[in-house]
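Residues per chain are reported as follows:
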Amino acid sequence: MKPIEIKKVSSTKDLKQFVQFHYDLYRECPQAVPFLYADEMNTLRKDRNACFDFCEVDYFIAFRGEEMVGRVAAIVNHRANERWQRKQVRFGWLDFIDDEEVSRALIETVEKWGKEKGMTEMAGPLGFTDMDREGLLIEGFDEDATMYINYNYPYYVQHIEQMGGFEKDNDYMEYRVKVPERVPDKFHKIAEMIRSRYNLQVRKFTRQELIQGGKGKEIFDIINATYKDLYGYSQLSEKQINQLVDQYIKVADLNLVTAIEDWSTPEHKMVGFGITFPSFNQALRKTRDGKMLPFGWWHLLKVLKWHKTEVVDLLLIGVLPEYRAKGANSLIFDDLIQWFQRYGFKWAEAMPQMESNEHMRGQWQYLEATQHRRHRCYRKQL
């Protein structure tokens, strides 16, 4: 058998090969969802992603002879390391065939790369920031993935845990929530009480207010304030925020974007928000490797404009810490559930929530929710 050769990505052609490997590996997997190809390229290109202002990154491809058999990204997020006082190298975009020699060679490549950068520990799977996909799927292999989370074959877990040295660093839990036929009375009464007691109001912004009026930036400022103490988080820069507004707000159905304002303040301060999107799962499966051409755009448009799906993705939800205890979350869900009902959504997919975040996970107690997937980040001392 030919030995494993590791090649560093050094050209756009190499990067395209790096991205394409995932599509090829999961083409026949019924649970996997193709990522948008253009988004993957834009995320990984150093000239298009604001994360490279504070991240050092290299990508590596594994070959056995002429056959590509694996890939991995090695990342040092200097901003996160400074915030958390660590010397940590991250591994992400990890994919490989079921061959322990391949997976070991990829992980050892990241270890060596990290040591050369002066790092003393490694963790992953992680992206550049929390806005990227995180964690290795360890539960829920028979459940459909979404375009916003990693899906991996069960053998990935065996490979990582058999290498030795890795330990659990953090778990993320994901919930599938049934959209009720009507907003639960208790839920609705709590929302009405909070609205009256604290003078909190639901707002729907226009695209102009969000993009040119600065409200979109306020949303991601809330994310910085809300997520600042969560595992591995690094503050979003103004450049990153501008990219995220461009990526999400410009194309969002604004009926599915809800903001909460405190009308007891002179400026009607925004204190929370929820951004949701109709699920693109089935539409993406009809594309050619997540590409818009020749007809991928049409399948995606049918979902975005005419909601041709029964599932909605709860993409980003944030409430300022001082307003969580006031129950501002209930106002967000009280409004969004009514829109989900109008659009005919049957199910909602909640994005990953930290196992330790009991407050966030507790919000599903008023709804019919099932925890159906779990992702894990691992850590290893170098």
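Residues numbered from 1 in each chain as written. Predicted model: local features only at pLDDT ≥ 70, side-chain atom pairs only at ≥ 80, totals over all residues. Heavy atoms only, no water.

## Quick word on the overall build of the protein chain
Rules: What counts as a helix is a DSSP run of H or I of at least four residues, what counts as a strand is a run of E of at least two, and both are numbered from the N terminus. C-alpha atoms define the radius of gyration in this analysis, and the globule rule sets the expected value at 2.2 Å times the number of residues to the power 0.38. Here, residues are in contact when the closest pair of their heavy atoms is within 4.5 Å. Here Asp and Glu are counted as negative and Lys and Arg as positive; His is not counted, and neither are the chain ends. Where a charge lies is defined by one atom per residue type, namely NZ (Lys), CZ (Arg), CG (Asp) and CD (Glu).
Scanning the protein chain from terminus to terminus reveals 14 helices and 14 strands. Here the C-alpha radius of gyration of the protein chain, 21 Å, is about what a compact globule of 382 residues would show, namely 21 Å. Considered along the principal axes of its C-alpha atoms, the protein chain spans approximately 70 × 45 × 40 Å. For the protein chain, the proportion of contacts with a sequence separation of at least 24, taken over those separated by at least 6, is 77%. If the 55 positive side-chain charges of the protein chain are averaged to one point and the 57 negative ones to another, these points end up 3 Å apart.

## Notes on the pattern of salt bridges
Stated formally: Within this document, salt bridges are pairs made up of a side-chain nitrogen of Lys or Arg and a carboxyl oxygen of Asp or Glu, the two lying within 4 Å of each other. Burial here depends on accessible area, computed with a 1.4 Å probe over protein chains only, as a share of the maximum for the residue type. Under 20% is buried, over 50% is exposed, and the range in between is partly exposed.
Within the structure shown, the criterion is met by 35 salt bridges. Two residues, Arg-379 and Glu-167, come together in a salt bridge whose shortest N-O distance is 3.5 Å. You can see Arg-379 sitting in strand E14 (residues 369–381) and its partner Glu-167 sitting in strand E7 (residues 167–178), a full 212 residues away along the chain. Note on Glu-167: relative accessible area 42%, which makes it partly exposed. A salt bridge links Arg-203 to Glu-261; the shortest N-O distance between them is 3.5 Å.

## Details of unusual backbone geometry
Here the bond from Gly-124 into Pro-125 is cis, since omega is 0°, no more than 30 degrees from zero. Along the chain, Pro-125 falls in the loop between strand E5 (121–124) and strand E6 (136–139). With omega at 5°, the peptide bond leading from Leu-293 into Pro-294 counts as cis. Structurally, the position occupied by Pro-294 is in the loop between helix H10 (281–285) and helix H11 (296–306). One non-glycine residue, Gln-85, lies in positive phi territory at about 55°. By the element assignment, Gln-85 lies in the loop between helix H3 (78–84) and strand E4 (88–96). Look at Gln-85 and you get exposed, because its relative accessible area is 68%. Here Asp-289, not a glycine, exhibits a phi torsion of approximately 55°, which is positive.

## Quick notes on the state of the cysteines
To be explicit about the condition: Cysteine sulfur atoms that pair up within 2.5 Å are treated as a disulfide.
Enumeration according to the criterion identifies 0 disulfides in this entry. Cysteine Cys-377 remains unbridged, with the sulfur of Cys-55 as its closest cysteine sulfur at 15 Å.

## Observations concerning the packing of aromatic side chains
Working definition: an aromatic ring pair is given by the centre-to-centre distance plus the angle between the planes. For the record, the criterion: For Phe, Tyr and Trp, rings pair up if their centres lie within 6.5 Å, where Trp contributes its six-membered ring, and each pair is then called stacked (planes under 30 degrees apart), edge-to-face (over 60) or tilted (otherwise).
Under the criterion given, the structure shown has 22 aromatic pairs. A ring pair is formed by Tyr-23 and Tyr-37, whose centres lie 6.1 Å apart and whose planes are at 35°; its orientation type is tilted. Of this pair, Tyr-23 sits in helix H1 (residues 12–26) while Tyr-37 sits in helix H2 (residues 37–44), and the two are 14 residues apart along the sequence. Grouping residues by exposure puts Tyr-23 and Tyr-37 together as buried.

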